[in-house]
Amino acid sequence: MSRDHSGWFVKYKVEIHDLPDVCPQMIHNNQFEVIDVVRGEEEEEEEDAFMVLKIKKKIIRYNILDKSDHEFNHDDVSPIGPKKWGSLNAGFKVCSDGESQSPVDIEAKKAKDQHNDLKRSYKEAPAKLFNKGHHIAVEWDGDAGGIEVNGSTHKLVQCHWHIPGEHTFDGKRYDAEIHFVHKNDKDQLAVVGVLYAIGEPDPFIEKLSESKFKEISAKGTDLGKVSASSITSSKKYFRYGGSLTTPPCAEGVTWTVAETVKSISKEQIESLKGPLEAEFKENARPVQQLSGRTVTQFEDKE
Ligand SMILES: [Zn+2]
């Protein structure tokens with residue numbers, strides 16, 4: 001951001017064709033008032049031309065460039081932030097209309113006991129570390145084992161992290177959360193979430209070798225063989241029916257959230273944030289209404 005004598009202005013690099021739809025949204029949201037839109041210096045390619053927007057308000061937390069790079073982000077005040085996800089794309093409608101959205105606040109005292117399954121049988125399989133733009137993920141290639149949920153075997157597909165945590169316990173938000181995404185042969189998803197609080201390093205992340213986070217790319221960095229079994233088990237788990245926590249926010253996801261909060265070091269949090277762009281370094285969706293759903297709890301019998 002730069003400043004001149006007449007007030008604040010910001011020089012954004014945007015694709016020209018995005019301007020008509022980006023700007024009115026931003027003005028409509030009262031994020032700033034555009035005084036003037038000046039066509040700036042052009043680069044070789046026309047669509048890369050700079051636009052200079054002179055603005056009155058000086059609080060700008062994001063860059064229009066993101067509009068062309070990302071379909072959504074996690075910035076509350078952005079026109080593509082969580083409150084707007086449902087209107088960004090016809091396929092994202094359920095993000096705002098859905099009644100079984102995730103994450104949710106889990107009130108332990110209200111969770112009803114119910115017999116449930118979560119038979120975990122993870123095994124080593126080749127994995128790669130990816131920067132997915134909105135989070136860092138480990139994807140397994142081959143059979144990494146899985147879990148039994150609702151009587152059906154769900155195979156482990158990938159895991160990824162959110163910072164801070166997405167699910168809250170009695171309104172308390174934790175420092176991070178890992179999601180293990182599993183799929184059965186009908187393509188139904190079952191996600192296991194584990195919360196972290198800052199403290200000792202997490203052995204699972206340590207095993208992935210933190211230096212790999214520095215060389216991470218969109219194409220994937222080889223991790224060798226990785227097993228999800230080193231994730232410590234919890235005595236108690238919560239279960240409810242929810243959704244993906246990022247667009248398209250598809251519902252029909254069986255959520256299992258471990259009651260035991262694990263620890264993660266500050267350095268590990270930095271490793272997970274490091275490769276992400278500014279607007280995704282914090283990538284937790286706000287909690288959603290339960291809307292009549294019940295959260296149940298069960299003991300792990302293993
Ligand atoms: Zn997630």
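Structural data are supplied above this passage.
Residues numbered from 1 in each chain as written. Predicted model: local features only at pLDDT ≥ 70, side-chain atom pairs only at ≥ 80, totals over all residues. Heavy atoms only, no water.

Draft legend 1. Highlighting the coordination of the zinc ion. Bound to the zinc ion are the protein donor atoms His-160 (NE2), His-162 (NE2) and His-179 (ND1), situated 2.0 to 2.1 Å from the metal. Positions of the donor residues of the zinc ion along the chain correspond to the pattern H-x1-H-x16-H. Residue His-162 is located in strand E11 (residues 152-162), and its partner His-179 is located in strand E14 (residues 176-183); the two are separated by 17 residues in the primary sequence. A relative accessible area of 1% places His-179 in the buried class. (Donors = N, O, S within 2.8 Å, 3.2 Å for Na, K, Ca; no water. Helix = DSSP H or I, 4+ residues; strand = E, 2+ residues; numbered from the N terminus. Buried < 20%, exposed > 50% of the residue type's maximum accessible area, 1.4 Å probe, protein only.)

Draft legend 2. How the structure looks around the sheet that holds strand E13 (residues 172-173). Pairing within the open sheet is mixed, and its three strands lie in the order E5-E12-E13. Each edge of the sheet is formed by a strand with only one pairing partner; in this case those strands are strand E5 (105-106) and E13. With two bridges connecting them, strand E12 (residues 168-169) and E13 associate as antiparallel partners. Its bridge partner being in E13, Phe-169 is matched across the sheet by Lys-172. (Pairing = 2+ DSSP bridges.)

Draft legend 3. The arrangement of the pattern of salt bridges in detail. Across all of its chains, the model carries eight salt bridges by this definition. Here Asp-117 makes a salt bridge to Arg-239, at a shortest N to O gap of 3.4 Å. Of this pair, Asp-117 sits in the loop between strand E6 (112-113) and strand E7 (119-122) while Arg-239 is found in strand E17 (residues 236-243), placing the two residues 122 residues apart along the sequence. When its relative accessible area of 23% is taken as the criterion, Asp-117 is described as partly exposed. You can call Arg-239 buried: its relative accessible area is 5%. (Salt bridge = Lys/Arg side-chain N within 4 Å of Asp/Glu carboxyl O.)

Draft legend 4. Summary view of the nonpolar core. Ranked by size, the top nonpolar core spans 39 residues in total, and within it Val-138, Trp-140, Trp-161, Phe-180 and Phe-204 carry the most contacts. Here the element with the most residues in this core is strand E15 (residues 189-198); it accounts for four residues. If near-sequence neighbours (up to four positions away) are discounted, Trp-140 is found in contact with Ala-125, Pro-126, Ala-127, Leu-156, Val-157, Gln-158, Cys-159, Phe-180, Phe-204, Val-226 and Ala-228. Within the second largest apolar cluster, 15 residues are counted, among which are Val-104, Tyr-240, Val-253 and Trp-255. (Core = buried A, V, L, I, M, F, W, Y, C linked by side-chain atoms within 4.5 Å. Contact = heavy atoms within 4.5 Å.)

Draft legend 5. Representation of the pairing of E15. Of all 10 residues making up E15, eight are buried, and the element is well covered by its neighbours. Pairing of E14 with E15 involves eight bridges; the strand directions are antiparallel. Within E15, the residue paired with Val-181 across the bridge is Val-191. Taking the residues between adjacent antiparallel strands as the criterion, E14 and E15 are bridged by five residues, where Asp-187 takes a positive phi near 65°. Across four bridges, E15 lies against strand E18 (residues 251-258) in parallel orientation.

Draft legend 6. Structural detail: empty space enclosed by the protein. A complete count under the given rule lists three cavities of 30 Å³ or more for this structure. In this model, the largest cavity occupies a volume close to 90 Å³. If you trace the largest cavity, you find 11 residues lining it, with Arg-120, Val-192, Val-194, Ile-231 and Tyr-237 closest to the centre. Listed by contribution, the elements that provide at least two residues to the lining of the largest cavity are E7 and E15. Across the lining of the largest cavity, the residue classes tally to eight nonpolar, two polar and one charged. (1 Å grid on protein atoms, 1.4 Å probe; cavity = no way out; pocket = protein on both sides within 12 Å on 5 of 7 lines; lining within 4 Å. Points joined across faces, edges and corners; volume = space filled by probe spheres on them. Nonpolar A, V, L, I, M, F, W, Y, C, P; charged D, E, K, R; others polar.)

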